[in-house]
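For reference, the chains in residue letters:
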Amino acid sequence: MRIVLTGGAGFIGSHVAAALLTQDPALDLAVIDNLSTGDRARLGTLPLAFHRRDVREPLDDLLADTQVVVHLAASAGVPRSVADPLADAQANIAGTVALLESCRRAGVRRVVYASSAAIYGVPDRVPIREDAPTHPLSPYGLSKLTGEQYVLLYGDLFGLDTCALRFFNVYGPGQRPDSSYSGVITIFNARLLRHQPLCIEGDGQQTKDFIHVHDVARAVELAARTSGANGAYNIASGGPTGILHLARTMRRVSGRTVPIEFHPPRPGDVRQSVAAVQRAAQDLGFRAQVGLETGLRALWQHTDAAAEERAVPFPVGKGKG
Ligand code: NAD
């Protein structure tokens, strides 16, 4: 069995590589990443072939005799996409179409695509089901939706076996706190480490659906080997978490009594986000297993240990919340 994973040197991709190889140690796994934001070191000594290539170039040579392509490579993050919509579209739309063409020429059987909750925008109702209307609020949301539609269209037009996994708010070890698209958990973690206040935009009653990266990696691994599971799947915990509750929990878990500060709400911020997760459970046999408190505790221990090792403070960026 040969799998090609794009974006494998990224935050989620490196966990996916580890999950795929744990599930099948004999797997022939190739990772493609242009290292625009990725880091080869994230893959450590995992037994895989690494190729510094761009998904927009023809990849027929690497895709020969490949059964499954997992496509995670993307320009990820809302603020980035607002700053440079063209670069976002080139990476996420042109990149996906070019990769699909390479897959078609090489005779790849199945493509698993990383989509995002950002495609939904402000939901009409919660929990958000996969058939809910899509109203992306950023170039990033729009490019992820367009990529998803291309992937599913290639299923209809050319008989590729395809599915799109709509990740909600992913957290866990390895997400960089200094990038403009870090999640709120990673940013809070970095601030706790530096004994800085936790800043909440709005009243903190807004909810997100957080999912640990180990669960996401398991969902991708299940989707890669569940041929015939087609269409879009929410990949989420299925439970809402308020941001104020999150801040208090993280403060308790870390044992650091920093203040919680409230700032004006961000225009267009989604008030309530929680996913319906039945479709992934039914078709992929996937349910999130890492509870929020367990995941936060593990992340804090990991961050604290890593910081001690480096003995330098993390820089802190503005996040997407
Ligand atoms: P990331 O930036 O850490 O990883 C993306 C990887 O893709 C990087 O290693 C980067 O170098 C590589 N890459 C970018 N453009 C490329 C190109 N043209 N050719 C080859 N490689 C390229 O981001 P992540 O958080 O790990 O996200 C992975 C995927 O999951 C993305 O598709 C993202 O849109 C999606 N996603 C992430 C989240 C989240 O909360 N992190 C939520 C929803 C969806």
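Scanning the chain from terminus to terminus reveals ten helices and 13 strands. By the compact-globule yardstick of 20 Å for 321 residues, the chain fits well, its C-alpha radius of gyration being 19 Å. In terms of principal-axis extent, the alpha carbons of the chain reach across some 55 × 45 × 35 Å. Across the 321 residues in the chain, those meeting the buried criterion constitute 52%. Counting contacts in the chain only where the partners sit at least 6 residues apart, residues at least 24 apart contribute 82% of the total. Accessible surface, the chain: about 13900 Å² in total, of which carbon and sulfur atoms supply 52%.

Quick look at the packing of helix α1 (residues 11-23) against helix α7 (residues 213-225) now. In contact at an axis separation of 8 Å, α1 and α7 are set at 55° when each is read in the N-to-C sense. The orientation of α1 relative to α7 falls into the category oblique. Judged by the twist between their axes, the crossing of α1 over α7 is right-handed. Here F11, I12, H15, V16, A19, L20 and Q23 of α1 come into contact with α7, specifically with V213, H214, V216, A217, V220, E221, A224 and R225. Of the residues contributing to the contact of α1 with α7, the split by class is ten nonpolar, three polar and two charged.

Take the site of the ligand next. Lining the immediate surroundings of the ligand are 30 residues, of which I12, D33, L72, Y140 and K144 lie closest. The backbone of F11 places a nitrogen or oxygen atom 2.9 Å from an oxygen atom of the ligand. S36 places a main-chain nitrogen or oxygen 3.1 Å from an oxygen atom of the ligand. With the chains in place, 96% of the 840 Å² that the ligand exposes on its own is no longer accessible. Where the shell around the ligand is concerned, the elements lending two or more residues are α1, β5 (110-116) and α5 (139-158). Ranked by residue count, the leading element in the shell around the ligand is β5, at three residues. Its residues placed into classes, the shell around the ligand shows 15 nonpolar, nine polar and six charged.

Further remarks concern the nonpolar core. Generally speaking, nonpolar side chains in soluble globular proteins are found buried as a group. Within the largest apolar cluster, 38 residues are counted, with the highest numbers of intra-cluster contacts made by I12, L29, V70, L165, F167, I235 and L284. Sort the elements by how many residues they give to this core and α7 lands first, with eight residues. Residues in contact with L284, not counting those within four places in the same chain, are L165, L222, A223, T226, A229, Y233, I235 and R279.

A full pass over the atoms with the stated rule returns zero disulfides. Between C103, a cysteine without a disulfide, and C163, which holds the nearest cysteine sulfur, the sulfur-to-sulfur distance is 13 Å.

This part takes up the pattern of salt bridges. Between side chains of opposite charge, pairing is possible as soon as their charged atoms come close. All told, the structure shown has 16 salt bridges when counted by the stated rule. A salt bridge links R218 to D215, with the shortest nitrogen-to-oxygen separation between them at 3.1 Å. With R218 and D215 both in helix α7 and three residues apart, the pair spans about one turn of that helix. Residue R218 is classed as partly exposed on the basis of its relative accessible area of 22%.

The domain architecture assigned to the chain consists of domain 1 (2-170 + 211-235) and domain 2 (171-209 + 238-274 + 290-310). Placing the centre of domain 1 and that of domain 2 at their C-alpha centroids yields a distance of 25 Å. Of the residues lining the interface, 22 residues belong to domain 1; the matching set on domain 2 comes to 17 residues. If you look at where domain 1 meets domain 2, you find zero salt bridges.

The rules we used
Residues numbered from 1 in each chain as written. Predicted model: local features only at pLDDT ≥ 70, side-chain atom pairs only at ≥ 80, totals over all residues. Heavy atoms only, no water. Helix = DSSP H or I, 4+ residues; strand = E, 2+ residues; numbered from the N terminus. Rg over C-alpha atoms; globule rule 2.2 N^0.38 Å. Buried < 20%, exposed > 50% of the residue type's maximum accessible area, 1.4 Å probe, protein only. Contact = heavy atoms within 4.5 Å. Areas by Shrake-Rupley, 256 points an atom, 1.4 Å probe, with all protein chains shown as cover. Axes fitted to C-alpha atoms, helices over the stretch in contact; angles between N-to-C directions. Parallel < 35°, antiparallel > 145°, perpendicular 65-115°, else oblique. Left-handed = near helix turned anticlockwise from the far one by under 90°. Nonpolar A, V, L, I, M, F, W, Y, C, P; charged D, E, K, R; others polar. Near = heavy atom within 4 Å. Polar contact = N/O pair within 3.5 Å; in protein donor to acceptor, adjacent residues only side chain to side chain. Core = buried A, V, L, I, M, F, W, Y, C linked by side-chain atoms within 4.5 Å. Disulfide = S-S within 2.5 Å. Salt bridge = Lys/Arg side-chain N within 4 Å of Asp/Glu carboxyl O. Domains from an automatic or database assignment.

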